[in-house]
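# Understanding the architecture of this molecule
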Amino acid sequence: MTDSTPRPSEPERPAGVLLLTGFEPFDGDTLNPSRDLAFALEGRRVGGWQVHALELPCRFDRAPAVLDAALARLAPSAVLAIGQAGGRAELSFERVAINLVDARIADNGGLRPAEAPVVAGAPAAYFARWPVKAMAAAARAAGVPAAVSYSAGTFVCNQVFFHLMHRLAGPAAALRGGFLHVPWLPAQAARVAGRPSLDQATMQRGLLAALGAAAGLKPEEDPGDGAGRLD
C-alpha cells in the first residue's frame, strides 16, 4: 500500500555567491557603466549563482581593501570585477592581469603612481580564471559585440584584477575570478564625437549570456578556437 502521507519538501540547496564589482565614477564624470551593470543584477540568480554587487572606489589606496573585505564577508565561489574602458566598442573579457601600476591620470584620491608593482614580489602576470573565449562567444551569439582582451590597462582596473588573481592563486585557487571591461554609455560617448558606446540593456544581455555559458564550464575547459590578436 502506498504511503500517501505528505512529506516535507527538500529545502533548496543554496546557490554559490557570484560577486560582481563595479567602480564609482572617476576623472570628473558622474557616470560609470560598470557600477550600473553590477547593481542591475544584484539579488538575481544567474547560472546557479546568487549575485551580490559591490561598488569599488576608484582609488589605488582603497580599492583592494574594499574588495578583500567583501571576499571575507561573502566567501563567494566566483568573482567578476567590471570596469569602464571608454573608447572600446565591445564587452572585453580580460584574460591577463599584469603586476604593474602606471597611471596616466590621477585616481579619485589624487594619487598617480607610476612604474610600480601591484604586489611587490608577485609574479609578472596572472591569467583570469573564467572561460573567457566561451563567454565572449556567448555574448556575440546574443547579439552583443564582445571579444577576449589581452590588456586590462595599468590603472585601478588592472590593479583590482591583479590583486584579485593574486588572492585566488593561494588556497582559494579553485575559485573563479576575472575582469570585464565595458564601453561608455551613450550619454558619455555623446560628449566626444566618433566614440563608440553600448546602452546598459545591451551590456546586461551580453553579460547574462556570458555568465550562462560560463556556468557549465571550468576555466580550463574554454574552447580552443583562436581568439588572439595580431596587434
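The structure displayed is predicted, hence computed values, not measured ones.

Moving on: the side chain of Asp-29. Structurally, the position occupied by Asp-29 is in the loop between strand E1 (16–23) and helix H1 (33–40). A polar atom in the side chain of Asp-29 sits 2.8 Å from the side chain of Gln-188. For Asp-29, the contacting residues outside a window of four places in its chain are Gln-188 and Arg-191.

This part is about the layout of surface pockets. Here the largest pocket is characterised by a volume of approximately 580 Å³. Taken together, 24 residues form the lining of the largest pocket, with Phe-26, Gln-84, Ala-85, Gly-86 and Arg-104 sitting closest to its centre. Residues that form the lining of the largest pocket fall into these classes: eight nonpolar, nine polar and seven charged. If you add up the space inside the second largest pocket, you get close to 160 Å³. Around the second largest pocket, the lining residues are Arg-95, Phe-127, Ala-128, Arg-129, Trp-130, Val-132, Pro-219, Glu-220 and Asp-222.

Below, the discussion takes up the nonpolar core. Leu-91, Phe-93, Trp-130 and Leu-180 are the most contacted members of the largest nonpolar core, which has 66 residues in total. Residue contacts for Phe-93: discarding those within four places in its chain leaves Val-132, Met-135, Ala-136, Ala-139, Ala-146, Ala-147, Val-148, Ser-149, Phe-179, Leu-180 and Ala-210.

Evaluation of the coordinates by the stated rule reveals two cavities of 30 Å³ or more. Each pocket or cavity is described by its volume, and for the largest cavity that value is around 40 Å³. Going through the elements one at a time, strand E4 (78–84) and helix H4 (156–168) are the ones with two or more residues in the lining of the largest cavity. Of the residues contributing to the lining of the largest cavity, the split by class is six nonpolar, three polar and no charged. Its boundaries defined by the atoms lining it, the second largest cavity holds a volume of some 30 Å³. Around the second largest cavity sit Leu-80, Phe-93, Glu-94, Ala-128, Trp-130, Val-132, Met-135, Gly-178 and Phe-179, which together line it. At the level of elements, strand E5 (91–94), helix H3 (132–141) and strand E9 (176–182) are the ones that each hand at least two residues to the lining of the second largest cavity.

By secondary structure assignment, the location of Gly-87 is in the loop between E4 and E5. When its relative accessible area of 33% is taken as the criterion, Gly-87 is described as partly exposed. When the C-alpha atoms of Gly-87 and Ala-189 are compared, they prove to be 8.1 Å apart, with 102 residues separating the residues in sequence.

Turning to helix H2 (residues 63–74), a few remarks are in order. Because the α-helix completes a turn every 3.6 residues, residues three or four places apart line up on one side. The terminal C-alpha atoms of H2 lie 17 Å apart, and with twelve residues this matches the ideal 16 Å at 1.5 Å per residue to within 8%. Restricting attention to buried positions, one finds in H2 the residues Ala-63, Pro-64, Leu-67, Ala-70, Leu-71 and Leu-74. Down the axis of H2, the smallest arc covering the buried residues is 125°, so these residues share one side. Facing away from the buried side of H2 by over 90 degrees, the exposed positions are Ala-72 and Arg-73.

Another aspect to go through is the environment of Lys-133. Mapping Lys-133 onto the fold places it in helix H3. You can call Lys-133 buried: its relative accessible area is 13%. In the structure, Lys-133 is positioned 13 residues away from Ala-146 in sequence and 9.8 Å away in space, judged by C-alpha atoms.

Here Gln-188 shows up in helix H5 (residues 186–189). Of the residues examined, Gln-188 reaches a relative accessible area of 2% and is grouped as buried. Setting aside anything within four residues of it in sequence, one finds Gln-188 in contact with Asp-29, Leu-31, Pro-33 and Gln-84.

So, how was this worked out
Residues numbered from 1 in each chain as written. Predicted model: local features only at pLDDT ≥ 70, side-chain atom pairs only at ≥ 80, totals over all residues. Heavy atoms only, no water. Helix = DSSP H or I, 4+ residues; strand = E, 2+ residues; numbered from the N terminus. Polar contact = N/O pair within 3.5 Å; in protein donor to acceptor, adjacent residues only side chain to side chain. Contact = heavy atoms within 4.5 Å. 1 Å grid on protein atoms, 1.4 Å probe; cavity = no way out; pocket = protein on both sides within 12 Å on 5 of 7 lines; lining within 4 Å. Points joined across faces, edges and corners; volume = space filled by probe spheres on them. Nonpolar A, V, L, I, M, F, W, Y, C, P; charged D, E, K, R; others polar. Core = buried A, V, L, I, M, F, W, Y, C linked by side-chain atoms within 4.5 Å. Buried < 20%, exposed > 50% of the residue type's maximum accessible area, 1.4 Å probe, protein only. Expected span 1.5 Å × (residues − 1). Arc of directions from axis to C-beta.

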